[in-house]
Amino acid sequence: MDFELTESQLLIQSTARDFAQRRIAPQAAEIDRDERFPTELLKGLAELGLMGVNVPESLGGAEAGTVAYALAMTEVARACASTAVAMGVTNMVGEAITRFGTEEQKQKYVPKLTSGEYVTGAFALSEPGAGSDPGGMRTTARREGNEWVIDGAKQWITSGSYAGVFVVWARTGPIEAGTRGISAFLVEGGTPGLKVGKPEDKMGLRGSNTVPLTFENCRIPESNLLGELNQGFKIAMMALDGGRIGISAQAIGIATAALEEAAAYAKERRQFGKPISDFQAIQWMLADSQTELDAARLLCLRAAWLKENKQPFSKEASMSKVFSTEAAWRICDRALQIHGGYGYTREYNVERHLRDVRVTRIYEGTSEIQRIVIARNVLAG
Ligand code: CAA
C-alpha cells in the first residue's frame, strides 16, 4: 500500500494550486457577490489541461488520471467553488464523449472542451419532474429522416448559458420501457429549438450558472446519438459515478479553505486575555474538522484510484460523496462558529463556503440517493 502521490499527480496538484491561489482566489468573493460567471478563469484552466484532466492527450486532455483530477478539483474548489463546478461538469462531459462517442464525435467535440474553445460542456439529465428519479424523464427524441427531433424541458443545468455542447437525455422508447427507453444525444449550444431560460437565484455557487432548458422541435443530426440507442440511462449512471468523485473533491476543497481560515482566525482572535485557539472548545472543533477532512480525502482518493485502475468504484464513489459532502458541511459550520458574529458577515469567506458547500449534498445525486446506491451494493453481497 502506497499513500504517496506520483510525480505527475503532484505536478497537476501544484499546477492547479498555483493557478487557483494566484488567479482564482483573489476574485472568488467578487465572483460570488456579482454573480459573475468566470469565463476567463475557465479558459485559463483549459490552457493548463485542467478541463480534461482524465482525457487523452490526443484529444487535448492532460491524460493524468482520476486521482490527479480529484486533486485538481480540490485545489480549484478551495479557491472558488463556482469555478470548480463548471470545471467538474466539463470534465465529466469530456470523459463521457471520450468513452461513449464515435471517433467523429470525439474529434469534433472533445478538443473544443479541453482547449477552452467551448467555455464549458453541460449535462442535461434532470427535469422539473425528474430529479432523483431520472428514469421518470419526459423529454422525448423521435427520428425523422436523418435527424433526431427533441421536445421537452430540463432543469438545474449547470453552465447551460455558456455550454458549447450539451449531453441531453431523452426518451426514445415508450414510457413503460423505463430506464431502458432512454438515449443520450449531443446538442450544440445555439441549436435552433434549444432555449436557455433565466438563471436560478441560488443560495450559493452564485458565480455558477444554473438554468432551465426547453427543447421545442430541436433538430440534431442522426449521428449525434451518443452511445447505443436506448442505452443512455447507463451512460448517465456511469458518468455520474465519476462525477460524484469530482463533487466529493469539490466539497473537500471548500472544507479545506474553511478549516484553514478557522485555524488562522482562532490564533488571531483574542478573548478573555488570550487567543481563542488556546481554548479546548475551539481546539476540539479544529481537531474534529481535520480528522473528518482527512477521512473524506482518503475515501475520495480511494474511489479515484479504483476508477483509474478500472476496478468497480460505484459504491466507493457514493460513499466518498456522501461522507465528504456531509463532513464538509459540518466543517464549514464549525468554521463559521469559530468566527463568531464576524463569520456571519461578508467580511470573511466562511459564510460563502457554508452557502457554497450546501448544494454538494444535493447535486449529482442527493445524500439519500448515495445511500441507496451504497445499500444496494451491500445487500447484493
Ligand atoms: N453503472 C452502470 N449501470 C448502472 C449503474 C451504474 N452505476 N446504476 C444503474 N445502472 C443500470 C442498471 O444495471 C440497470 O440496467 P438494466 O436495465 O440492464 O437492468 C439500469 O441502469 C437501471 O438501474 P436501476 O434499476 O438501479 O435504476 P433506478 O431507476 O432504480 O435508479 C438511482 C437508480 C441510483 C436511484 C439513479 O436513478 C440515480 O443515480 N439517481 C440520482 C440522479 C442524479 O444523480 N442526478 C444528478 C443530476 S446531474 C447533476 O447534478 C450535474 C450538475 O449539474 C452538477
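The structure this text deals with has already been given above.
Residues numbered from 1 in each chain as written. Predicted model: local features only at pLDDT ≥ 70, side-chain atom pairs only at ≥ 80, totals over all residues. Heavy atoms only, no water.

K.L.:
Any chance you could explain the overall build of the protein here in plain terms?
P.N.:
When helices and strands are tallied, the protein shows 10 helices and 10 strands. The C-alpha radius of gyration of the protein comes to 21 Å, within 12% of the 21 Å expected for a compact globule of 381 residues. By its C-alpha atoms, the protein is 80 × 50 × 40 Å across when sized along the principal axes. Taking all contacts inside the protein whose residues are at least 6 apart in sequence as the whole, residues at least 24 apart take part in 73%. With an accessible surface of roughly 16,700 Å², the protein has 53% of that area assigned to carbon and sulfur atoms. (Helix = DSSP H or I, 4+ residues; strand = E, 2+ residues; numbered from the N terminus. Rg over C-alpha atoms; globule rule 2.2 N^0.38 Å. Contact = heavy atoms within 4.5 Å. Areas by Shrake-Rupley, 256 points an atom, 1.4 Å probe, with all protein chains shown as cover.)

K.L.:
Sorry if this is basic, but what is going on with the side chain of R171 here?
P.N.:
If you trace the backbone, R171 turns up in strand β4 (residues 163–171). The side chain of R171 is buried and forms no salt bridge, while E127, the nearest opposite charge, is found at 7.4 Å. Of the polar contacts made by the side chain of R171, one reaches the backbone oxygen of G135; its length is 2.7 Å. There is a polar contact of 2.9 Å between the side chain of R171 and the backbone oxygen of M137. (Buried < 20%, exposed > 50% of the residue type's maximum accessible area, 1.4 Å probe, protein only. Lys, Arg positive; Asp, Glu negative; His and termini not counted. Salt bridge = Lys/Arg side-chain N within 4 Å of Asp/Glu carboxyl O. Polar contact = N/O pair within 3.5 Å; in protein donor to acceptor, adjacent residues only side chain to side chain.)

K.L.:
It is not clear to me how the pattern of salt bridges should be interpreted in this structure. Could you clarify?
P.N.:
Side-chain pairs of opposite charge can arise whenever the charged atoms involved come near each other. Per the counting criterion, the structure on display carries 27 salt bridges. A salt bridge links R219 to E147; the shortest N-O distance between them is 3.0 Å. Taken together, the positions of R219 in strand β7 (residues 210–221) and E147 in strand β3 (residues 147–158) put the pair 72 residues apart, joining distant regions of the chain. What you see here is one network of salt bridges that share partners, running through R142, E144, E147, D151 and R219.

K.L.:
When you look at the site of the ligand in this model, what are you seeing that I'm missing?
P.N.:
For the ligand, the set of nearby residues contains 23 residues, the closest of which are T158, R180, K234, D241 and R376. In this structure, a nitrogen atom belonging to the ligand sits 2.7 Å away from a side-chain N or O atom of D241. For the ligand, whose free accessible area comes to 1,100 Å², the fraction covered by protein is 74%. If you tally residues by element for the shell around the ligand, the top one is helix α6 (residues 232–268), at seven residues. Here the shell around the ligand is composed, by residue class, of 10 nonpolar, seven polar and six charged. (Near = heavy atom within 4 Å. Nonpolar A, V, L, I, M, F, W, Y, C, P; charged D, E, K, R; others polar.)

K.L.:
Teacher, can you tell me more about unusual backbone geometry here?
P.N.:
Among all residues save glycine, negative phi is the norm, and among peptide bonds the norm is trans. Although it is not a glycine, W156 sits at a positive phi angle of roughly 65 degrees. Turning to its location among the elements, W156 is positioned in strand β3.

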